[in-house]
Amino acid sequence: MPKIVFMGTPETAVKPLEALIVHPNFDVLAVVTQKDKKVGRKQILTPPPVKVLAEEHNIPVLQPSTVKNNADFQSILEKLAPDFLVVVAYGQILPTEILEIPKVSPINIHFSLLPQYRGASPIEAAFLAGDQETGITFIEMTEEMDTGPILHLQRVPIAKEDNAETMREKLSTLAGQLVPTVLQDVLDEVATPIHQDESHASYCHKISKEDGILNLETMTAKEINNRIRAYTPWPGCSLILGDKKLKLLEIDVEIDSDQTKKVSPKEIIDTEDGIAIGTKNGLIIPKKVQLQGKREMDIQDFLRGNRSLLNESLTTPK
């Protein structure tokens, strides 16, 4: 029975791991994940989701601070002698000495259509670009980030109602469905590795809180909509209304109408269903918002209790 060491950290890695744990033809020897972290206002020490699942199934968990130049960690993996390393959003780049340990292959599951969007935030990058599709790519790992030969690529359309949160769930589910088949294809030498076309490579950065800042004077309505879809739920996209932060959770846009040409950036106007806000080009029409210190609500509910706030000026968060 093929033996696997699984390396992953966030919720997106849970379904692929679970698929391998329950599959009768694979044996998950150990799980490698990042250190427990303090989370929330109370700073409660919280284990990664992958660790929680592994412990539920009595699978040993390793949490090295670093995998580079770590002789003890390398020795443990060598003694486990896995056939595969399966890596999903682990959070560290693996050095050559680790990648050479599995007998068959080190395999990474990346949530983009490689070579597009190599790096830390491929799902968000697809929304920022306004793409109509994304997907997952299984690759043989090399020491350079997300550059290895492609073993399997699966396209997934991006629906109008999707955001990064819903797409992350879709891609995680798909990864869980596909990972046993892809590994078996590699074992059976059915999967043919295809080198990535470097001329089409692009990269995405690690997201910070500052990425959620909206500027109505420099951003178009379309850009703002893409940003909201990319950064929901984190870091979220906000404006300052008066002295309170207003998070925009869901919007519609209006572009190139007679109305849009009459509204200046940051100007708020009434509409039949609520309000619209001017941008560099086009209007954004909030549908769901969250005022600082309040619950999220539909725009109509927000306006019923906060219409007086609309007399305040809209500014960009600092």
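The following paragraphs examine the structure supplied in this document. (Residues numbered from 1 in each chain as written. Predicted model: local features only at pLDDT ≥ 70, side-chain atom pairs only at ≥ 80, totals over all residues. Heavy atoms only, no water.)

Concerning helix H6 (residues 164–187)
Count 3.6 residues to each turn of an α-helix, and residues three or four apart come out pointing the same way.
Phase 1: Relative to the 34 Å expected for 24 residues at 1.5 Å per residue, H6 spans 33 Å between its end C-alpha atoms, a close match to the ideal helical length.
Phase 2: Following H6 by one or two positions, Glu-189 adopts a phi angle in the positive range, close to 60 degrees. (Helix = DSSP H or I, 4+ residues; strand = E, 2+ residues; numbered from the N terminus. Expected span 1.5 Å × (residues − 1).)

A few points about the layout of surface pockets
Phase 1: Estimates place the volume of the largest pocket at around 1700 Å³.
Phase 2: The set of elements that each furnish at least two residues to the lining of the largest pocket consists of strand E3 (37–39), strand E6 (84–88), strand E7 (105–110), helix H5 (122–128), strand E9 (133–140) and H6.
Phase 3: Looking at the lining of the largest pocket, its residues break down into 24 nonpolar, 14 polar and 12 charged.
Phase 4: Quantified by volume, the second largest pocket comes out at close to 610 Å³.
Phase 5: Forming the boundary of the second largest pocket are 22 residues, of which Lys-160, Asp-162, Asn-225, Arg-229 and Ile-251 lie nearest the centre.
Phase 6: Secondary-structure elements contributing two or more residues to the lining of the second largest pocket are helix H7 (221–230) and strand E13 (244–254).
Phase 7: Among the residues forming the lining of the second largest pocket, the class breakdown is six nonpolar, six polar and 10 charged. (1 Å grid on protein atoms, 1.4 Å probe; cavity = no way out; pocket = protein on both sides within 12 Å on 5 of 7 lines; lining within 4 Å. Points joined across faces, edges and corners; volume = space filled by probe spheres on them. Nonpolar A, V, L, I, M, F, W, Y, C, P; charged D, E, K, R; others polar.)

What to know about helix H8 (residues 299–306)
Phase 1: The complete set of buried residues in H8 reads Ile-299, Phe-302, Leu-303 and Asn-306. Projected down its long axis, H8 shows its buried positions confined to an angular sector of 95 degrees, all on one face. In H8, the exposed positions angled more than 90 degrees off the buried face are occupied by Arg-304 and Gly-305.
Phase 2: Elements in contact with the buried residues of H8: strand E12 (237–241), E13, strand E15 (275–278), strand E16 (283–291) and strand E17 (296–298). (Buried < 20%, exposed > 50% of the residue type's maximum accessible area, 1.4 Å probe, protein only. Arc of directions from axis to C-beta. Contact = heavy atoms within 4.5 Å.)

Quick word on the pairing of E12
Phase 1: Of all five residues in E12, five are buried; the element is thus mostly enclosed.
Phase 2: Covered by surrounding structure in E12 are Cys-237, Leu-239 and Leu-241 together with Ser-238 and Ile-240, the residues of both alternating faces.
Phase 3: Here E12 pairs with E13 via five bridges, running antiparallel. For Ser-238, the partnering residue across the bridge sits in E13 and is Lys-247.
Phase 4: Linking two consecutive strands that pair antiparallel, namely E12 and E13, is a turn of two residues; a positive phi of about 70 degrees is found at Gly-242 within it.
Phase 5: Here E12 runs beside strand E18 (residues 314–315); their pairing, made up of two bridges, is antiparallel. Within E18, the position partnered with Leu-241 by the bridge is Leu-314. (Pairing = 2+ DSSP bridges.)

Some details on a nonpolar patch on the surface
Phase 1: On the surface, Ile-93, Met-145 and Tyr-203 cluster together into a nonpolar patch covering about 330 Å² of accessible area.
Phase 2: Here Tyr-203 lies in strand E11 (residues 203–204).
Phase 3: Looking at Tyr-203, the relative accessible area reads 53%, which means it is exposed. (Patch = residues over 30% accessible without salt bridge, like charges linked within 9 Å, V, L, I, M, F, W, Y side chains within 5 Å. Areas by Shrake-Rupley, 256 points an atom, 1.4 Å probe, with all protein chains shown as cover. Salt bridge = Lys/Arg side-chain N within 4 Å of Asp/Glu carboxyl O.)

Topic: the side chain of Gln-63
Phase 1: Along the chain, Gln-63 turns up in the loop between strand E5 (61–62) and helix H3 (71–80).
Phase 2: Those residues in contact with Gln-63 that lie beyond four places of it in its chain are Thr-33, Gln-34, Lys-35, Asp-36, Pro-48 and Lys-51.

Comments concerning the pairing of E15
Phase 1: Taking every second residue as pointing to the same face, both faces of E15 are buried, with Ile-275 and Ile-277 on one and Ala-276 and Gly-278 on the other.
Phase 2: Counting the residues in the hairpin turn of strand E14 (residues 268–270) and E15 gives four residues.
Phase 3: Relative to E16, E15 runs antiparallel, the two being bridged by two bridges. Pairing of Ile-277 across the sheet is with Ile-284, part of E16.

These figures come from the coordinates and say nothing about function on their own.
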